[in-house]
Amino acid sequence: MAKTIRVNETPLVLYTLRRADDALILGHRLSEWCGHAPMMEEDMALANMALDLIGQARSLYTYAGEAEGGGRTEDDFAYWRDERGYRNVLLVEQQNGDFARTILRQFLYAHFADLYWRAMMASKDATLAAIAAKSEKEMAYHVRHAGEWVIRLGDGTAESHARIAAALEDLWPYTGELFEMDASEKALVDAGIAVDLSALRERWRANVKAVLDEATLTTPADGWMQKGGRTGIHSEHLGHLLAELQHVQHTIPGAVW
Amino acid sequence: MYTQALNAKPDAGEPQLEDAALLEAFQARIDAEDRIEPNDRMPAAYRKTLTRQISQHAHSEIVGMLPEGNWITRAPSLRRKAALLAKVQDECGHGLYLYAAAETLGTSREELVDQLLTGKAKYSSIFNYPTLTWADIGAIGWLVDGAAIMNQIPLCRCSYGPYARAMIRVCKEESFHQRQGYEIMVTLSKGNEAQREMAQDALNRWWWPCLMMFGPPDAASQHSDQSTKWKIKRFSNDELRQKFVDATVPQAHYLGLTLPDPDLKFNEQTGHWEYGAIDWDEFKQVIAGNGPCNRDRLAARNKAHAEGAWVREAALAYAEKRHARKAAA
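In the nomenclature of an unreviewed UniProt entry, chain B corresponds to Ring-1,2-phenylacetyl-CoA epoxidase subunit PaaA from the organism Mycoplana dimorpha.

The name an unreviewed UniProt entry assigns to chain A is Ring-1,2-phenylacetyl-CoA epoxidase subunit PaaC, from the organism Mycoplana dimorpha.

Below, the structure written as structure tokens:
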């Protein structure tokens, strides 16, 4: 009988899992829209971006398995860790809400991930650098897609403006965590494997602000920032997401699917 | 995903505008296997039949996203999740492609979608059945997409150019979907007892509705004759159904599964598998709106449309503002 795994979180394994979990959870959230989007073109686009993210997660989990050296597969990490074992930022697990909220969440994350993966292309870890090269191209598209929508919703109707402004206010406190680094990550930065996230923050803010300005939205000031996801202290939403994601494997454990 | 011979009655009072000479010239083009293109003259009834068929096909693709979409968040591995998501995305693409083909006949996508949302238009009956286990995703790919391919391959030679060309691309993707579905079934049937039971149960539930996908038996079919004459339809419902049964029965046997038809037997003389009586009452009920999921499917489509209204309005408002700014500059 299979059960929840305990990962040997060496700095490299932990680092890789954090990025993998971000991608999987956000990809899963986007996939929840499939068949329910405001227009068919968005059904296609959201599914496409979900596929990009799930693809990134798969590469990263596979690499985490290699780095851990215990023969674990992508599915072991995805299906056999509980909320406390997941390492994603809180932003990506936030519920879809309306289209404005989903788009804004995507916008904030994509702008981060675009800069992040571009910087990671210079990682001394060849596998992470290769994953970065592929992911950066994908995230550059997500940035464009989400940005176009932020502008349309912000500068569209009074209703769309109110909705995206509310989403911005609600989600902004989750953006600080994107740039959090602990001692284990800092050691990887020193080794040339990871990138210094604090160095990306001003660029991120400027890029985000440029779009928000065009969308007639006010970039919030950085106040209190929520965090905890990187150490497995999540919002209440993640447990429900995982219950759904892991359901079949947990019902019939040990099977090949 | 699929077009179905629903055999709706033509409007009795529709005026026949074409004169005999035009009709004859049109038929001569059809008989010469010429492709009819959007700007060509065509009988009103030809246009109407095709608009109905292509839009029903488009609606089926879009509604078909729902039963399979039901398992995207629960797919049992990341590989399966990605494949299913890609597949459902393909179906959406088919829907868009087909609405565009229907629009070449002069009816807008908005109008066609409205017909779906108000319940005026039909879509394939198969999507009114629920997906209850993961094996249903395998069974749908294998059987539903398999049946769709049987129907759609001949449509690649349909007399109407845009539809025929759309079908060529759609069939390529459907064929991939079908193999993917069958591969799920192979994996399940090689799996543990619970997985094999799941596979058998899915086959039991999907088999008969899949046979119904080909539409009423030829004897009861009201107007495939005209569609055949216009080379929209190349094979009868029963011919296609038989092709499907002949192709599928050996595949089920390979899986070690039993088809839920005690009357199924191979006829050595004809070389065909003979199947038992189809419950056409069930088919009629599902078409009439009484299938297990009809209401849910339409409600889901209407909900997405209604909740997306403010988004579409915002996009339009922004486009108008931008246009006005450009004009003022």
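## Examining the overall build of chain A
The helix and strand inventory of chain A stands at 10 helices and 0 strands. In sequence order, the secondary structure elements of chain A are arranged as α-α-α-α-α-α-α-α-α-α. By the compact-globule yardstick of 18 Å for 257 residues, chain A fits well, its C-alpha radius of gyration being 18 Å. Considered along the principal axes of its C-alpha atoms, chain A spans approximately 55 × 45 × 30 Å. When the 257 residues of chain A are sorted by exposure, 60% land in the buried category.

## Things to note about the overall build of chain B
For chain B, the count of helices and strands is 12 helices and 2 strands. Along its sequence from the N terminus, chain B presents helices and strands in the succession α-α-α-α-α-α-α-α-α-β-β-α-α-α. Taken over the C-alpha atoms alone, chain B extends approximately 70 × 55 × 35 Å along its principal axes. Per-residue burial for chain B yields a buried fraction of 56% across its 329 residues. Counted over contacts in chain B with a minimum sequence separation of 6, partners at least 24 positions apart contribute 81%. Element-wise, carbon and sulfur atoms account for 54% of the exposed surface of chain B, whose accessible area totals about 14300 Å².

## Side note on the nonpolar core
Grouped together as the largest cluster of nonpolar side chains are 181 residues, with contacts concentrated most on Tyr61, Tyr109 and Val150 of chain A together with Tyr46, Trp134, Tyr160 and Trp207 of chain B. Contact partners of tyrosine 46 of chain B, with chain neighbours within four places excluded, come to Phe26, Ile30, Ile36, Ser159, Tyr160, Trp230 and Ile232 of chain B.

## Regarding the packing of helix 2 (residues 44–69) of chain B against helix 5 (residues 135–155) of chain B
All names here are of chain B. Put simply, helix 2 and helix 5 touch, their axes get as near as 13 Å, and they point 170° apart. In terms of orientation, helix 2 and helix 5 fall into the roughly antiparallel class. Two secondary-structure elements touch here, helix 2 through Gln53, His57, Pro67 and Glu68 and helix 5 through Ile137, Ile140, Gln152 and Leu155. Tallied by class, the residues present in the contact of helix 2 with helix 5 amount to 4 nonpolar, 3 polar and 1 charged.

## Describing the interface of chain A and chain B
The interface is formed by 48 residues belonging to chain A together with 46 residues belonging to chain B. Summed over both partners, the interface of chain A with chain B buries about 4100 Å², with 67% contributed by carbon and sulfur atoms. Taken together, chain A and chain B are joined by 3 salt bridges. Residues arginine 325 of chain B and aspartate 155 of chain A are paired through a salt bridge, measuring 2.6 Å at the closest nitrogen-oxygen approach. If you look at where chain A meets chain B, you find 16 residue pairs in polar contact (both at pLDDT 80 or more). Of all the secondary structure elements, the ones that give two or more residues to the side of chain A that touches chain B are helix 1 (11–31), helix 2 (40–68), helix 3 (74–79), helix 5 (99–120), helix 6 (126–154), helix 7 (158–171) and helix 10 (237–251) of chain A. It is helix 2 of chain A that provides the largest number of residues to the side of chain A that touches chain B, a total of 11 residues. The residue inventory of the side of chain A that touches chain B, partitioned by class, reads 25 nonpolar, 10 polar and 13 charged.

## Re helix 10 of chain A
Residues and elements named next belong to chain A. Taking 1.5 Å of rise per residue, the 15 residues of helix 10 would be expected to cover 21 Å, and the 21 Å separating its terminal C-alpha atoms lies within 8% of that figure. At leucine 245, helix 10 shows its maximal kink, close to 45°. Those residues of helix 10 that sit buried are Leu238, Gly239, Leu241, Leu242, Leu245, Gln246, Val248 and Gln249.

## Considering the side chain of arginine 152 of chain A
Position of arginine 152 of chain A among the secondary structure elements: in helix 6. Its relative accessible area of 17% is what places arginine 152 of chain A among the buried residues. Aside from chain neighbours lying at most four places away, what touches arginine 152 of chain A is Ser160 of chain A together with Ala314, Tyr318 and Arg322 of chain B.

## What to know about the packing of aromatic side chains
Scanning the model with the defined rule gives 18 aromatic pairs over all chains in all. A centroid spacing of 5.7 Å and a plane angle of 15° characterise the contact between phenylalanine 112 of chain A and tyrosine 116 of chain A, whose relative ring orientation is stacked. One end of the pair, phenylalanine 112 of chain A, and the other, tyrosine 116 of chain A, are both in helix 5, 4 residues apart, so they sit about a helical turn from each other. Measuring from ring centre to ring centre gives 6.5 Å for tyrosine 46 of chain B and tyrosine 160 of chain B, while their planes differ by 75°; the resulting arrangement is edge-to-face. Of this pair, tyrosine 46 of chain B sits in helix 2 while tyrosine 160 of chain B is found in the loop between helix 5 and helix 6 (161–189), placing the two residues 114 residues apart along the sequence. The ring of tyrosine 86 of chain A is capped by arginine 81 of chain A, whose NZ or CZ atom sits 4.3 Å from the centre of that ring. One Lys or Arg, arginine 74 of chain B, reaches over the ring of tryptophan 71 of chain B and ends 3.7 Å from the middle of that ring.

## Brief notes about unusual backbone geometry
Most peptide bonds take the trans form, and the phi angle of most residues other than glycine is negative. Even without glycine at this site, threonine 216 of chain A takes up a positive phi of about 60°. Tracing the sequence through the fold places threonine 216 of chain A in the loop between helix 9 (201–214) and helix 10. The class for threonine 216 of chain A is partly exposed, based on a relative accessible area of 43%. At glutamate 33 of chain B, a position not held by glycine, the phi torsion is positive, near 60°. According to the relative accessible area criterion, glutamate 33 of chain B is partly exposed, its value standing at 45%.

## Details of the pattern of salt bridges
This structure, assessed with the given rule, holds 38 salt bridges over all chains. The partner of arginine 205 of chain A in a salt bridge is aspartate 222 of chain A, with the nearest N and O atoms 3.3 Å apart. Of this pair, arginine 205 of chain A sits in helix 9 while aspartate 222 of chain A sits in the loop between helix 9 and helix 10, placing them 17 residues apart in sequence. The residue glutamate 183 of chain B makes a salt bridge to arginine 79 of chain B at a minimum N-O spacing of 3.1 Å. A residue pair is termed long-range when its members are at least 10 positions apart, and glutamate 183 of chain B in helix 6 and arginine 79 of chain B in helix 3 (residues 78–103) qualify at 104 residues.

## Quick look at the environment of alanine 58 of chain B
Residues and elements named next belong to chain B. Position of alanine 58 relative to the elements: it lies in helix 2. Sequence separation between alanine 58 and glutamate 91 is 33 residues; the distance between their C-alpha atoms is 9.1 Å. Beyond its immediate stretch of four places on either side in the chain, alanine 58 contacts Gly95, Leu98 and Tyr99.

Analysis parameters
Residues numbered from 1 in each chain as written. Chains lettered and ligands numbered in written order. Predicted model: local features only at pLDDT ≥ 70, side-chain atom pairs only at ≥ 80, totals over all residues. Heavy atoms only, no water. Helix = DSSP H or I, 4+ residues; strand = E, 2+ residues; numbered from the N terminus. Rg over C-alpha atoms; globule rule 2.2 N^0.38 Å. Buried < 20%, exposed > 50% of the residue type's maximum accessible area, 1.4 Å probe, protein only. Contact = heavy atoms within 4.5 Å. Areas by Shrake-Rupley, 256 points an atom, 1.4 Å probe, with all protein chains shown as cover. Core = buried A, V, L, I, M, F, W, Y, C linked by side-chain atoms within 4.5 Å. Axes fitted to C-alpha atoms, helices over the stretch in contact; angles between N-to-C directions. Parallel < 35°, antiparallel > 145°, perpendicular 65-115°, else oblique. Nonpolar A, V, L, I, M, F, W, Y, C, P; charged D, E, K, R; others polar. Buried area = accessible area lost by both parts, 1.4 Å probe. Salt bridge = Lys/Arg side-chain N within 4 Å of Asp/Glu carboxyl O. Polar contact = N/O pair within 3.5 Å; in protein donor to acceptor, adjacent residues only side chain to side chain. Expected span 1.5 Å × (residues − 1). Bend = angle between axes of the 7 residues up to and from the residue. Phe/Tyr/Trp six-rings, centres within 6.5 Å; stacked < 30°, edge-to-face > 60°. Lys NZ or Arg CZ within 6 Å of the ring centre and 35° of its normal.

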